[in-house]
Amino acid sequence: MALRGARRPERLEPLDGLAELELDDAALREIDRILEESVTDPVGPEFMAPPSREEKPA
């Protein structure tokens, strides 16, 4: 299960207990259908990459 936006531990606190959530195959298919229909320009893994440490010109 992916945790969207959880970059710091304190952001996980409201999700406590979510791991017990179970979705049946029909629910997972519906989620996939909604995402495919709604997300027309997905963001790749580079979005979550740490910022470059290269020095920027002044």
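Cut-offs applied
- Residues numbered from 1 in each chain as written.
- Predicted model: local features only at pLDDT ≥ 70, side-chain atom pairs only at ≥ 80, totals over all residues.
- Heavy atoms only, no water.
- Helix = DSSP H or I, 4+ residues; strand = E, 2+ residues; numbered from the N terminus.
- Buried < 20%, exposed > 50% of the residue type's maximum accessible area, 1.4 Å probe, protein only.
- Areas by Shrake-Rupley, 256 points an atom, 1.4 Å probe, with all protein chains shown as cover.
- Salt bridge = Lys/Arg side-chain N within 4 Å of Asp/Glu carboxyl O.
- Patch = residues over 30% accessible without salt bridge, like charges linked within 9 Å, V, L, I, M, F, W, Y side chains within 5 Å.

**Q** What exactly am I supposed to notice about the overall build of the protein chain here?
**A** Counting its regular elements, the protein chain contains one helix and zero strands. Across the 58 residues that make up the protein chain, the buried fraction comes to 0%. Here the protein chain displays about 6200 Å² of accessible surface, and carbon together with sulfur accounts for 54% of that area.

**Q** Which parts of the structure should I look at to understand the pattern of salt bridges?
**A** The final tally for this structure, using the stated rule, is two salt bridges. Note that Arg33 is salt-bridged to Glu30, the shortest N-O span being 2.7 Å. Taken together, the residues Arg33 and Glu30, both in helix α1 (residues 25-38) and three residues apart, mark about one turn of the helix. Classification of Arg33 by relative accessible area gives partly exposed; the value is 41%. The exposure class assigned to Glu30 is partly exposed, which follows from its relative accessible area of 35%. The salt bridge involving Arg33 is made with Glu37; its shortest N-O contact spans 3.0 Å. Here Glu37 and Arg33 lie together in helix α1, a separation of four residues that amounts to about one turn. Within the structure, one salt-bridge network assembled from shared partners comprises Glu30, Arg33 and Glu37.

**Q** Got a minute to help me understand a nonpolar patch on the surface in this structure?
**A** A surface patch of nonpolar side chains, about 490 Å² in accessible area, is lined by Leu21, Leu23, Leu28, Ile31, Leu35 and Val39. Locating Ile31 in the fold gives a position in helix α1.

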